[in-house]
Amino acid sequence: MPPRPPLPIPVFKNGVGMFVPQIKRIVFNYCERSGSSRGLIDFFQRDLKQFAEAHPHVEMVVHPRPSKHPLVKGTFISGRQKVLCVKNMSSKEIQEHIKLLTEAADAHAKPAIKGGVVSSTPAVRGIWSPFKQI
């Protein structure tokens, strides 16, 4: 049995080429008979194939949703969902909204810190100020 050649050693480039897209799946819900879904149906017929080819990392799912307004749901890798109502929008407007959804980072992955520490008693040393002399 001949010896195997050594495996190539990867060259690290400080994270260049290591981008992980945050969006995992986009679900399109529409009504086939509703006039408010007309822009989304136009988007399906004209632009969806090109958009899906441009974003191969995103799973595109199309579900009919009878007698309801059209929705676009984006699922991020953290498990969070962002829902967009695309009622009465044109195909171009829908494409812009979906582009923003694919480029968006999951900004709500961490809870926002609201305010500071609230205390019921005053501080022993008083309130700090930059003009205080020590």
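The following refers to the structure shown. Treat the numbers as computed from the prediction; the structure is a model and nothing was measured.

Regarding the sheet that holds strand β4 (residues 81-85)
Logical step 1: Pairing within the open sheet is mixed, and its 4 strands lie in the order β2-β1-β3-β4. Edge positions in the sheet fall to β2 (59-64) and β4, since each has one partner strand and no second. When the angles between neighbouring strand axes are averaged without regard to direction, this sheet yields 15 degrees.
Logical step 2: Where strand β3 (residues 71-76) lies against β4, 5 bridges are found, and the strand directions are antiparallel. Residue Gly74 lies in a different strand from β4, and its bridge partner there is Lys82.
Logical step 3: Docked against the sheet, helix α1 (residues 38-46) engages β1 (23-30) and β2, running at close to 125 degrees with respect to β1.

As for the packing of aromatic side chains
Logical step 1: In the structure shown here, the tally under the stated rule is 4 aromatic pairs.
Logical step 2: Consider the rings of Phe28 and Phe43, whose centres lie 6.0 Å apart with planes at 45 degrees: the pair is tilted. Residue Phe28 is found in strand β1, and its partner Phe43 is found in helix α1; the two are separated by 15 residues along the sequence.

What about α1?
Logical step 1: When α1 is considered as a whole, its buried residues turn out to be Gly39, Leu40, Phe43 and Phe44. Along the long axis of α1, the arc covered by the buried residues comes to 145 degrees, so they all point the same way. Residues of α1 that are exposed and point more than 90 degrees away from the buried face comprise Arg38, Gln45 and Arg46.
Logical step 2: For α1, the elements touching its buried residues are β1, α2 (48-54), β2 and α3 (91-103).

What to know about the environment of Ser67
Logical step 1: Turning to its location among the elements, Ser67 is positioned in the loop between β2 and β3.
Logical step 2: In this structure, the C-alpha to C-alpha distance between Ser67 and Ser34, residues 33 residues apart in sequence, is 6.9 Å.
Logical step 3: If near-sequence neighbours (up to four positions away) are discounted, Ser67 is found in contact with Cys31 and Arg33.

Describing the nonpolar core
Logical step 1: Grouped together as the largest cluster of nonpolar side chains are 18 residues, with contacts concentrated most on Ile26, Phe28, Leu40, Phe43, Val72 and Ile98.
Logical step 2: Contributions of two or more residues to this core are made by β1, α1, α2, β3 and α3.
Logical step 3: Beyond its immediate chain neighbours, meaning those up to four positions away, Val72 contacts Ile26, Val27, Phe28, Lys82, Val83, Leu84, Val86, Ile98 and Leu101.

Thoughts on unusual backbone geometry
Logical step 1: You will see that Ser67, though not glycine, has its phi angle at about 60 degrees, which is positive.
Logical step 2: Residue classification places Ser67 among the exposed positions, given a relative accessible area of 62%.
Logical step 3: Phi angles above zero are rare outside glycine, and Asn88 is one such case at about 60 degrees.
Logical step 4: Turning to its location among the elements, Asn88 is positioned in the loop between β4 and α3.
Logical step 5: Assessed through its relative accessible area of 57%, Asn88 is described here as exposed.

Calculation rules
- Residues numbered from 1 in each chain as written.
- Predicted model: local features only at pLDDT ≥ 70, side-chain atom pairs only at ≥ 80, totals over all residues.
- Heavy atoms only, no water.
- Pairing = 2+ DSSP bridges.
- Helix = DSSP H or I, 4+ residues; strand = E, 2+ residues; numbered from the N terminus.
- Axes fitted to C-alpha atoms, helices over the stretch in contact; angles between N-to-C directions.
- Contact = heavy atoms within 4.5 Å.
- Phe/Tyr/Trp six-rings, centres within 6.5 Å; stacked < 30°, edge-to-face > 60°.
- Buried < 20%, exposed > 50% of the residue type's maximum accessible area, 1.4 Å probe, protein only.
- Arc of directions from axis to C-beta.
- Core = buried A, V, L, I, M, F, W, Y, C linked by side-chain atoms within 4.5 Å.

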